[in-house]
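# Structure assessment
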2 protein chains.
Amino acid sequence: QDWRSRTKVEIFQYVVLKWTLALLIGLGTGFVGFFNNLAVENIAGFKLLLSNNLMLEDKYYQAFAVYAGCNLVLAIAAAALCAYIAPAAAGSGIPEVKAYLNGVDAHAILAPSTLFVKIFGSIFGVSAGFVVGKEGPMVHTGACIASLLGQGGSHKYHLTWRWLRYFKNDRDRRDLITCGAAAGVAAAFRAPVGGVLFALEEAASWWRSALLWRTFFTTAVVAVVLRAFIEFCRGGNCGLFGKGGLIMFDVNSAMAVYSTPDLLAVIFLGIIGGIFGSLYNYFVDKVLRTYSIVNEKGPSIKILLVITISLLTSCCFYGLPWLSSCTHCPDYLKDQCPTIGRSGNYKNFQCQPRHYNDLASLFLNTNDDAIRYLFSSGTEKEFHLSTLLIFFVTMYCLGIITYGIAIPSGLFIPVILAGASYGRLVGTLLGSLSNLDVGLFALLGAASFLGGTMRMTVSLCVILLELTNDLLMLPLVMLVLLVSKSVADCFNKGVYDQIVTLKGLPYLETHAEPYMRHLVASDVVSGPLISFSGVEKVGNILHTLKMTKHNGFPVIDEPPFSAAPELYGLVLRSHLLVLLKGKKFTKQRVMTGSDILRTFNAFDFAKAGSGKGVKLEDLDIKEEEMEMYVDLHPITNTSPYTVVETMSLAKAAVLFRELGLRHLLVVPKTPGRPPIVGILTRHDFMPEHILGIHPHFGHHK
Amino acid sequence: QDWRSRTKVEIFQYVVLKWTLALLIGLGTGFVGFFNNLAVENIAGFKLLLSNNLMLEDKYYQAFAVYAGCNLVLAIAAAALCAYIAPAAAGSGIPEVKAYLNGVDAHAILAPSTLFVKIFGSIFGVSAGFVVGKEGPMVHTGACIASLLGQGGSHKYHLTWRWLRYFKNDRDRRDLITCGAAAGVAAAFRAPVGGVLFALEEAASWWRSALLWRTFFTTAVVAVVLRAFIEFCRGGNCGLFGKGGLIMFDVNSAMAVYSTPDLLAVIFLGIIGGIFGSLYNYFVDKVLRTYSIVNEKGPSIKILLVITISLLTSCCFYGLPWLSSCTHCPDYLKDQCPTIGRSGNYKNFQCQPRHYNDLASLFLNTNDDAIRYLFSSGTEKEFHLSTLLIFFVTMYCLGIITYGIAIPSGLFIPVILAGASYGRLVGTLLGSLSNLDVGLFALLGAASFLGGTMRMTVSLCVILLELTNDLLMLPLVMLVLLVSKSVADCFNKGVYDQIVTLKGLPYLETHAEPYMRHLVASDVVSGPLISFSGVEKVGNILHTLKMTKHNGFPVIDEPPFSAAPELYGLVLRSHLLVLLKGKKFTKQRVMTGSDILRTFNAFDFAKAGSGKGVKLEDLDIKEEEMEMYVDLHPITNTSPYTVVETMSLAKAAVLFRELGLRHLLVVPKTPGRPPIVGILTRHDFMPEHILGIHPHFGHHK
């Protein structure tokens, strides 16, 4: 199935197609990203305007009813989509994409229904005022789009294109999905370079230089698409989508110089941010474990949980601003304060004319706008200390309890919100001790929280720089990220790794575990070995396929086909199914040779999409055919990777991981024994499996 | 030698040391980068001032004599350093670093003498007015610093630190050198993120997420160091190092909007840039081949070549401005035109007062300043078309013939110079057709040339953005890079890959060649196989080590130690030498067991630096000891990676490359034969070797 064996025309087709797909992924993700923003800005904007107008007429209870009611309806819509149509769409999606790119084909992660729910669920969820982001879902959306395009549409909806058959293999599919994930980040943050780095640092498990280039192309397309749409909207064609849409925070700190006390303040910020970040991970983990028990009880319970959180959020957002006192509008602002209409930092809320409520300005707004206000510079006096403290605590707690409910929910925005308010709080407290602007402090606080929870460095740094469009802050952002990541790494793992572990996805770590050095490959081989001979009875094959769930079987040549039993290769379940469906059986035990392949199209054996391909139930083998023979030689992979049974398990794990294998054959060291000892799969390298067989290594860990 | 087998204290020591080293590499490279700039600005500035002052007094011949004389002296100094002390320091250094990170331990690439010559040779070379950059040499310098620090100084100069013994293995060393290369780029361009991406995209062959983080830390340190020094120099403490030093071009195009004709113009620019870029590679290759013949004739010939090029360059730079007519200074510039003193765009040259010579402004300046003028915006009228054309042709040709002479010479600056003048030329020609600024056109032209020669994408894009400090140009730069790289890839390979091939370094490509699919592992095994038995006679070992240059030998257990001959493992030449030096021999053929290792320090077997470690000549084995036996079991690696002889060569090559192996054992498929068929090394996967054995695959290529 290697493209090198194809003709020149086919290679050309392949290359053109691959670039076309990258282009399409970019266009698609860019479009979805824009549509998402447009919808959120309009829905949330309409909701906020409505309640705001009622507030202006002093109808406070009606305003709350409208606000909470809108939130509830939107929340129920999002939860219903998630609970009934595609449960896989709940949550961030980044852990799932990460696991997929590590080689885990989990069910329905990238199905069309997931895509649909992810897009609309995310729009409803964000509009409903939850403390969730649209960034994680965008990454998942990008990956889904890539997967759908790569599979040539969906069988189910009769949208297949035959000429996409080239991409039906693991590697091309992973490449496309990496591009999709990068495009998602690029669309969410308008950060093309950050998207590439994110795909590289967080998502992909294998990486090639050529992939870097293609990913870069995809994110460039996304950037161009977004820019075109924004140009289009500048003409006022997009309803309430004004300057507010598509986050791009202008911090614009003219202060590019900083002294030693500033650096110390930044390091302090990083340390505390790291501690808060790892605490965040700890709580998210606990809450997720609780929610997963609750969510198992059925879709209606899921929706009930969403309703509870939605009401709680509405109460907090509407109730807490009453605690804050009113501030007189600064004199230099004439018409902008208090804000009438959709955007602006100065919400009137319950205050007198010419006064504003700073807490309401943060709470009764979209999350993007709140971040923008927190990041704004030259506005030291705008927020009270108590306001920032209340906002920080609320966002921190709501962020923790919101993740895990049955709606698509990103983690970036909650963490940025909590981090930015924390940073601004510290900046205001330090006051005259530091020359840095409070807006810059907010940015650094957000960076410290992001570093503490997600444990990315380069990609986060670039994303933040692209968001704020100021390269001169680079060293400070770098410093704070390094400090907070180092601090947080002392306590626990990154939040995405935690979620992957929690979901039980068999994720292969880059490094082998220490105890693996004391084991050899044959120590972890489990279960009875099932193998076929080179020419096997149809009945045997069928029986084996029915009885086991293995995906690969060793093929062993026995006399009379070879002098002694010897390993011929490895045959895949899917290929066996295709072969059996072709019914090229013989009465005698003879080798038919590779001629029988002529009757198959070469692409019949290509890897089918999830839920596609020949199924065991599709086969219709008659009783007399069961006793016939079929030659497995033509469909066997004759060069499987093998290790000797005495190979150190750590080395075998490295081999498995680095080459991205699915099966690794273990062969005996000494002659005179059966030619194969066992077969290692992904599950055999999982700590749970190994420690199950060899529990005495458990306490070494 | 895995750190996991160490105690907790040792692991802690190791981690702290590794971060300390990253810090030191950052500090060292940052300091060298600054020193380099400072020296170049002062030396070149002094030279230019001197000749400029003579010009003002109308002493044209004396001015030329001073100018050409200074250039010549500096050029001879650089060439003498290169020719006599460290020939490995000539050229860019990036190909060598790239090959080293691919696993090629070429001689003297990272020796201390190379470092010394690279720093001073680069300073003299750049000051001498050659069309060379200091960027490539900075990368090499960073790598050298990293290597020296990692080796714990140099044995030769008695500067070893014992506690650096942890890093005496391939992997840690490669990690450090990757950090060094990234730090070099960061120091050269003040582009920390670009440095990380460069290390990732161009330099490193293996990459781990943890490495990303460490590299990022190193470049962040470099950025902070450079910023501190620049602050220091702002006080005027650095002589002629004024605003000019350390490139950071402010393009600052306020025009962030562009229309369809602009995009078409950019694509056109990219296509032509790609063609010129690949032509550049073609000519550089030809010139390098010629020069390598010339340079082989001895150091004095090398210096003669440098002198020729230096005189040619001086003549061009001083002579060509006479062709240009004088321009009247714009009225709005009062005192700045014509420029008196070191910096400023308006060189008086031979003109009347209140006139300036635009070609002299470009030629009689440092390369950095010339680039800054070309990138400057809002200056459409400043350069004549003929000026740009002359400058472009001169730079293109001089750049080609300068690379390859015996001085440290980077390729970035010549390519940027040629590209920027080309871009500005196109921009001026298009004139009113496009809204884009000519300064932006110059930047895009430079990007197109860089893409066409170096074939990097993401890292170049980020470096250019960090250089110009304007993120809004991202989509245009991306577009032009993609176009020019795609166009140039149709013609030939990237310039660094060409140089690697030209130098005959056995660089392993990521992909296996197509013809490898038709071969199996045993097809390329060459030469008689030399193996040891588990307990071997000292004389045999010594004789084998003397006769061959192999670095690894299979160890085979024979009766009476095992029932049948069986493969025990692989032993390294260096370990054998240490063992022989230890002289734990026995009279009888018995296994001594691992007790003998107690007499060795665990770090005796650690990989020594180049030119260090036990040598064959150091051994002093007496005649009677030759007949004694030594047990090889304790020092044998019992889990070498193996492939079956029928494994497809393409798959074996992937295994070899991905795992970064140095030896791959080939074992027989059928029992009853010797337990090992052969051993594959890096050289066995080189196309020349394979096509030498199987010439009929040559025309398939």
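Our structure is the block above this text.
Anyway, here's the lowdown on the structure attached to this text. For clarity, every value in this text was computed on a predicted model and none was experimentally measured.

## A closer look at the overall build of chain A
Check the secondary structure of chain A and you find 23 helices and 10 strands. Here chain A holds 701 residues, and 60% of them are scored as buried. For chain A, restricting intrachain contacts to residue pairs at least 6 apart in sequence, the fraction spanning at least 24 positions comes to 78%. A total of about 26,800 Å² of accessible surface is found on chain A, and carbon and sulfur atoms cover 62% of it.

## Points about the interface of chain A and chain B
If you look at the interface, chain A gives 64 residues, while chain B gives 64 residues. Summed over both sides, the interface between chain A and chain B buries roughly 5,900 Å², with carbon and sulfur atoms accounting for 68% of that surface. Inspection of the chain A/chain B interface yields zero salt bridges. Among the secondary structure elements, those contributing two or more residues to the side of chain A that touches chain B are α7 (192–203), α8 (209–234), α16 (458–468), α17 (474–489), β6 (566–572), β8 (642–644) and α22 (649–659) of chain A. Looking at the side of chain A that touches chain B, the element that brings in the most residues is α8 of chain A, giving 10 residues. A breakdown of the residues in the side of chain A that touches chain B according to their chemical character gives 36 nonpolar, 13 polar and 15 charged.

## Here we look at the packing of helix α15 (residues 438–454) of chain B against helix α17 (residues 474–489) of chain B
All names here are of chain B. Interaxial distance between α15 and α17 falls to 8 Å at its minimum, and their mutual angle equals 35 degrees. The way α15 lies across α17 gives a crossing that is right-handed. On α17, the residues touching Leu-440, Leu-443, Leu-444, Ala-447, Ser-448, Gly-451 and Gly-452 of α15 are Leu-476, Val-477, Val-480, Leu-481, Ser-484, Lys-485 and Ala-488. In terms of residue class, the contact of α15 with α17 is built from nine nonpolar, four polar and one charged.

## Side note on the relation of the copies chain A and chain B
Superposing chain A onto chain B requires a rotation of 180 degrees together with a translation of 0.0 Å along the rotation axis, leaving an RMSD of 0.1 Å. As the rotation angle and translation indicate, the two copies are arranged about a two-fold axis. Most of the interface of chain A is mirrored in chain B: 100% of its interface residues are interface residues there too.

## Describing a nonpolar patch on the surface
There is a patch of nonpolar side chains on the surface, built from Leu-264, Ile-267, Ile-271, Ile-275, Leu-279, Tyr-282, Phe-283 and Phe-491 of chain A and spanning about 690 Å² of accessible area. Tracing the backbone through its elements, the reader meets Ile-267 of chain A in helix α9 (residues 260–295).

## Observations concerning the pairing of strand β9 (residues 664–667) of chain B
Residues and elements named next belong to chain B. Here β9 shows a buried face lined by Leu-664 and Val-666 and a second buried face lined by Leu-665 and Val-667. Examined bridge by bridge, β9 and strand β10 (residues 678–680) share three bridges and lie antiparallel to one another. Across the sheet, residue Leu-664 finds its bridge partner in β10, namely Leu-680.

## Some remarks on helix α4 (residues 112–127) of chain A
If you check α4 of chain A, its first and last C-alpha atoms are 23 Å apart, about what 16 residues at 1.5 Å a residue would give, namely 22 Å. All of the buried residues in α4 of chain A are Thr-114, Leu-115, Val-117, Lys-118, Ile-119, Gly-121, Ser-122, Ile-123, Gly-125, Val-126 and Ser-127 of chain A.

## Considerations on the sheet that holds strand β8 (residues 642–644) of chain B
Residue and element names in this part refer to chain B. Spatially, three strands are ordered β8-β9-β10 in an open sheet, and the strand pairing comes out mixed. Single-partner strands in this sheet number two, and they are β8 and β10. Each strand axis lies, on average, 35 degrees off the axis of its neighbour in the sheet, ignoring direction.

## As for the packing of aromatic side chains
Under the defined criterion, the tally for this structure stands at 54 aromatic pairs over all chains. Summarising the aromatic geometry, the rings of Trp-19 of chain A and Trp-213 of chain A are spaced 5.1 Å apart at their centres and angled 70 degrees between planes, so their arrangement reads as edge-to-face. Residue Trp-19 of chain A is located in helix α1 (residues 8–56), and its partner Trp-213 of chain A is located in helix α8; the two are separated by 194 residues in the primary sequence. We classify Trp-213 of chain A as buried; its relative accessible area is 14%. Seen in terms of ring centroids, Phe-276 of chain B and Phe-392 of chain B are 5.5 Å apart; in terms of plane orientation they differ by 85 degrees. Their pairing is edge-to-face. One end of the pair, Phe-276 of chain B, is in helix α9 (residues 260–295); the other, Phe-392 of chain B, is in helix α13 (residues 385–402), with 116 residues separating them in the sequence. Residue classification places Phe-276 of chain B among the partly exposed residues on the basis of a relative accessible area of 25%.

## Focus: helix α14 (residues 412–430) of chain B
Taking 1.5 Å of rise per residue, the 19 residues of α14 of chain B would be expected to cover 27 Å, and the 26 Å separating its terminal C-alpha atoms lies within 8% of that figure. Positive phi appears at Gly-431 of chain B, one or two residues downstream of α14 of chain B, with a value of about 50 degrees.

## A look at the environment of Leu-49 of chain A
Here Leu-49 of chain A shows up in helix α1. Taking C-alpha positions, Leu-49 of chain A is 9.7 Å from Tyr-67 of chain A, a pair spaced 18 residues apart along the chain.

## A few points about the sheet that holds β8 of chain A
Residues and elements named next belong to chain A. Pairing is mixed across the open sheet formed by three strands, whose spatial order is β8-β9-β10. Every other strand in the sheet has two partners, leaving β8 and β10 (678–681) as the edge strands with one partner each. Recorded for the sheet is a direction-independent mean angle of 35 degrees between the axes of neighbouring strands. Relative to β10, strand β9 (residues 663–667) runs antiparallel, the two sharing four bridges. The residue bridging Val-666 from the neighbouring strand is Gly-678, located in β10. Against the sheet, α22 engages β8, β9 and β10, with an angle of about 145 degrees to β9.

Cut-off values and rules
- Residues numbered from 1 in each chain as written.
- Chains lettered and ligands numbered in written order.
- Predicted model: local features only at pLDDT ≥ 70, side-chain atom pairs only at ≥ 80, totals over all residues.
- Heavy atoms only, no water.
- Helix = DSSP H or I, 4+ residues; strand = E, 2+ residues; numbered from the N terminus.
- Buried < 20%, exposed > 50% of the residue type's maximum accessible area, 1.4 Å probe, protein only.
- Contact = heavy atoms within 4.5 Å.
- Areas by Shrake-Rupley, 256 points an atom, 1.4 Å probe, with all protein chains shown as cover.
- Buried area = accessible area lost by both parts, 1.4 Å probe.
- Salt bridge = Lys/Arg side-chain N within 4 Å of Asp/Glu carboxyl O.
- Nonpolar A, V, L, I, M, F, W, Y, C, P; charged D, E, K, R; others polar.
- Axes fitted to C-alpha atoms, helices over the stretch in contact; angles between N-to-C directions.
- Left-handed = near helix turned anticlockwise from the far one by under 90°.
- Least-squares fit on C-alpha atoms with pLDDT ≥ 70 in both.
- Patch = residues over 30% accessible without salt bridge, like charges linked within 9 Å, V, L, I, M, F, W, Y side chains within 5 Å.
- Pairing = 2+ DSSP bridges.
- Expected span 1.5 Å × (residues − 1).
- Phe/Tyr/Trp six-rings, centres within 6.5 Å; stacked < 30°, edge-to-face > 60°.

In short, shape yes, function no, at least from these values alone.
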